[in-house]
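What follows is the residue order along each chain.
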Amino acid sequence: DEPDDIDVALENAYYNAKQLRDSGDVDDAAGAFEDVVKMETEALSSGNNDDSDYDDEDMKDKDAGGKSPIYGPWSYKAIKQLVKLHLKSGDGTKMMEQYERMLKVVGSGNAVSPNAVEKGVNGMLERVSSLYQGSSVATTTTSGGTNSSSSTDPQVWARNVYDSTLRVFHPKTGSSPNERLWFKTNLKYGQLLYEMNETSKLQLVIRDLLRSSGEKGGSADGAGGEGSDEGRSSGGGGASTHLMEISALQIQLYSRQKDTKKLREVFQRAMRVQGGIPHPRTLALIQELGGKMHMTNREFDSASKTFFQAFKSYDEAGDPARLRCLKYLVMASMLHASKINPFDSQEARPYKDDSEIKAMTNLVAAFHNNEITEFEGILQRNEGKIMDDEFVREHVSDLLRTIRTQVLRKVIGPYTRISLEAIARELNGIPVSDVESLLVSLILDGKLDGRIDQAGGILYKRAEKGGGAATDDGTSGGGGEGGTSSATTSAAGTASGVSASSGNAPMSVSGKGGGSRGKGEIGFGEDDDGAWGYSGSVEARNCASLESLTLALEHLTASVTSAGGKGTYHQIM
């Protein structure tokens, strides 16, 4: 019964020490936890016929050469509590001393179960990491640089704790080899180094992780070899999961470095991995950064699909980041000018009325309804703190350009002639130069068949019949020298521009009355029956014929001029 009595005494002593800790008596609690360690080591030493007259330092060193461990499970728990006490009090030196002591207990033999070891070590790592993250606002470091060592610097504590842990559990050289725990610790260390912006050390960690996972192509910068893609894609479940976790670190690194080439390689490789079951949060991180990569390359369709997958992964993990990713999904969908509302999906619908998402819901509604005033108002008022997100701010100009282009095409749709000032007013009063920029983009992209008279500030759109056939001859743009394209721009009343503005008879027959180009004058609108309004009237048909004749004469004049000489002219006639 004596061992049972000792266990009861140790348990009582341990929980009494915890009560002292909870009451705020830090010094008394620390002494009580030390008594637990001493009590158990003395009991274990007596049970092995060893001399029990040890001071505390003797106990710390005895485990290396004793026939049986002088530490037991209660000692491990007590030392772990001492680490927490010193960590909470801000004494980094004593904290590290007790943590090294805790690792000695782990390496002393079978004193602690593997599950207890992993749980205790992971708990310590999370504590030091969260402590650093909490103080990171006041801590400034440069890429690859470190602050001076200090017993009060959380960054130094975190680095020392991780270094000691990796040294003890190293699969080949550690005092207590544990490949699984070493790999997980290295992953957490890599994440911490990323947050510390220590790029060079992070690259070394990624290299070690790739090598440990059997990735022979791993290089110093963490990039895998091209020849090993096949093996990565079809590896075992555990290896595949490890590769996904490593890829998450690599993608974060390359995203910060803005190394698009390596980022794309790692993302595509990660998406080809089969058989792994990574944590949904890991998969979501890869997909989110992949979506941002697509956005940077203006691949908006791919970005919207990738963000949707990232949103679902975050949602599966119960991570609040799902709302952030949903915002990115909505933004990518609008930039793609998709007609599909992202909130129509079953996964996104429950968040449609969320306070943080409500502004994005209104933004999408304004976008699909071409309500440009409401759209810009939501952004200007920063509803739902949309503009607080740096990534959203980077693409606001693209969003505005997209909806302006969308509204512009709707405004000019019914007309063959319209002033740039009139378009600017419809686009919420933007500068005429911005209108011209939008029109030029549409013309060059082949989405608008027309030309701009910059001197007069007029857009001339090439009229089309109901079936889409051109009303004039085969020239693309209707009149520049030598048959210039529809993107022809008249800077100061060139030959084509002048004849289009003054000699083009159909333009004088407008709803405004009169033949001159008044400010904001709008020409005829197209309808379902033909290019000109009032297509059923004789007047409209005459106007269309006159326009065709005028353009043909312009083309003939240009041909004669380019041929040169009267003889050539008579020959052509």
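1. Comments concerning the overall build of the protein
Inference 1: When its secondary structure is counted, the protein shows 24 helices and four strands.
Inference 2: By the burial criterion, 45% of the 573 residues in the protein qualify as buried.
Inference 3: Put simply, 61% of the contacts in the protein that link residues at least 6 apart link residues at least 24 apart.
Inference 4: Accessible surface, the protein: about 27800 Å² in total, of which carbon and sulfur atoms supply 48%.

2. Focus on the packing of helix H15 (residues 321–335) against helix H16 (residues 358–368)
A packed helix pair is summarised by two numbers, namely the angle formed by the two axes and the spacing between the axes.
Inference 1: For the pair H15 and H16, the least separation of the axes is 10 Å and the interaxial angle reads 10°. When the axis of H15 is compared with that of H16, the two are roughly parallel. Residues Lys327, Val330, Met331 and Met334 of H15 lie in contact with H16, whose contacting residues are Met360, Leu363, Val364 and Phe367.
Inference 2: Here the residues of the contact of H15 with H16 are counted per class, giving seven nonpolar, no polar and one charged.

3. Here's the deal with the confidence of the model for the protein
Inference 1: Looking at the protein as a whole, the pLDDT averages 75, with 71% of positions reaching at least 70.
Inference 2: When pLDDT is averaged over each element of the protein, helix H14 (residues 300–317) comes out on top at 94 and helix H22 (residues 495–501) at the bottom at 33.
Inference 3: Ignoring residues within four places in sequence, the model shows residues 49–69, a span with pLDDT below 50, making 29 contacts including any to other chains.
Inference 4: When the criterion is pLDDT under 50, residues 465–536 qualifies, and its contacts beyond four places in sequence or with other chains add up to 153 contacts.

4. Thoughts on the pattern of salt bridges
Pairs may arise between side chains of opposite charge once their charged atoms sit close together.
Inference 1: All told, the structure shown has 20 salt bridges when counted by the stated rule.
Inference 2: Ionic pairing is found between Arg159 and Glu198, a salt bridge with its closest N-O pair at 2.6 Å. Placement of the pair is Arg159 in helix H7 (residues 154–169) and Glu198 in the loop between helix H8 (179–196) and helix H9 (199–212), with a sequence separation of 39 residues.
Inference 3: Given a relative accessible area of 1%, Glu198 falls into the buried group.
Inference 4: Asp353 serves as the salt-bridge partner of Lys358, at 3.5 Å between the closest nitrogen and oxygen.
Inference 5: Asp353 sits in the exposed class, given a relative accessible area of 61%.

5. Describing the packing of helix H19 (residues 396–412) against helix H21 (residues 432–444)
Inference 1: For the pair H19 and H21, interaxial distance at closest approach is 10 Å and the crossing angle is 80°. It follows that H19 is roughly perpendicular to H21 by the angle criterion. The residues of H21 that touch H19, namely those facing Arg401, Arg404, Thr405, Leu408, Arg409 and Ile412, are Val435, Ser437, Leu438, Leu439, Ser441 and Leu442.

6. So, the packing of aromatic side chains
Inference 1: Applying the stated criterion across every chain yields a total of 10 aromatic pairs.
Inference 2: With a centroid separation of 5.4 Å and 55° between ring planes, the pair formed by Tyr14 and Trp74 is classed as tilted. With Tyr14 in helix H1 (residues 2–23) and Trp74 in helix H4 (residues 73–89), this pair connects stretches of sequence that are 60 residues apart. When sorted by exposure, Tyr14 lands in the same class as Trp74, which is buried.
Inference 3: Members of the aromatic cluster, joined through ring pairs, are Tyr14, Tyr15, Phe33 and Trp74.
Inference 4: Taking the ring centre of Trp74 as reference, the NZ or CZ of Lys77 above it sits at 4.4 Å.
Inference 5: Positioned over the ring face of Phe391 is Lys292, at 5.2 Å from the centre of the ring.

7. Notes on the pairing of strand E2 (residues 450–453)
The two faces of the sheet receive side chains in turn, since in a regular strand these alternate between them.
Inference 1: Neither face of E2 is open: one carries Gly450 and Ile452, the other Arg451 and Asp453, and all of them are buried.
Inference 2: Across four bridges, the pairing between E2 and strand E3 (residues 458–461) is antiparallel. Bridged to Ile452 within E3 is Leu459.
Inference 3: What sits between E2 and E3 in their antiparallel hairpin is a turn of four residues, with Gly457 showing a positive phi close to 65°.

8. Observations regarding helix H17 (residues 372–381)
Inference 1: Buried within H17 are the following residues: Ile372, Phe375, Glu376, Gly377, Ile378 and Leu379.
Inference 2: Against the buried residues of H17 lie H15, H16, H19 and helix H20 (420–426).
Inference 3: Within two residues after H17, Asn382 carries a phi angle of roughly 55°, on the positive side.

9. Some details on the environment of Asn186
Inference 1: Structurally, Asn186 can be placed in helix H8.
Inference 2: On a C-alpha basis, the gap between Asn186 and Asp208 in space is 8.6 Å, while along the polypeptide they are 22 residues apart.
Inference 3: Setting aside chain neighbours within four positions, we find Asn186 in contact with Leu166, Val205, Asp208 and Leu209.

10. Re the side chain of Ser333
Inference 1: Position of Ser333 relative to the elements: it lies in helix H15.
Inference 2: Since its relative accessible area comes to 8%, Ser333 is described here as buried.
Inference 3: Beyond its immediate chain neighbours, meaning those up to four positions away, Ser333 contacts Ser304, Ser338, Ile340 and Pro342.

Rules used in this analysis
Residues numbered from 1 in each chain as written. Predicted model: local features only at pLDDT ≥ 70, side-chain atom pairs only at ≥ 80, totals over all residues. Heavy atoms only, no water. Helix = DSSP H or I, 4+ residues; strand = E, 2+ residues; numbered from the N terminus. Buried < 20%, exposed > 50% of the residue type's maximum accessible area, 1.4 Å probe, protein only. Contact = heavy atoms within 4.5 Å. Areas by Shrake-Rupley, 256 points an atom, 1.4 Å probe, with all protein chains shown as cover. Axes fitted to C-alpha atoms, helices over the stretch in contact; angles between N-to-C directions. Parallel < 35°, antiparallel > 145°, perpendicular 65-115°, else oblique. Nonpolar A, V, L, I, M, F, W, Y, C, P; charged D, E, K, R; others polar. pLDDT = per-residue confidence, 0-100. Salt bridge = Lys/Arg side-chain N within 4 Å of Asp/Glu carboxyl O. Phe/Tyr/Trp six-rings, centres within 6.5 Å; stacked < 30°, edge-to-face > 60°. Lys NZ or Arg CZ within 6 Å of the ring centre and 35° of its normal. Pairing = 2+ DSSP bridges.

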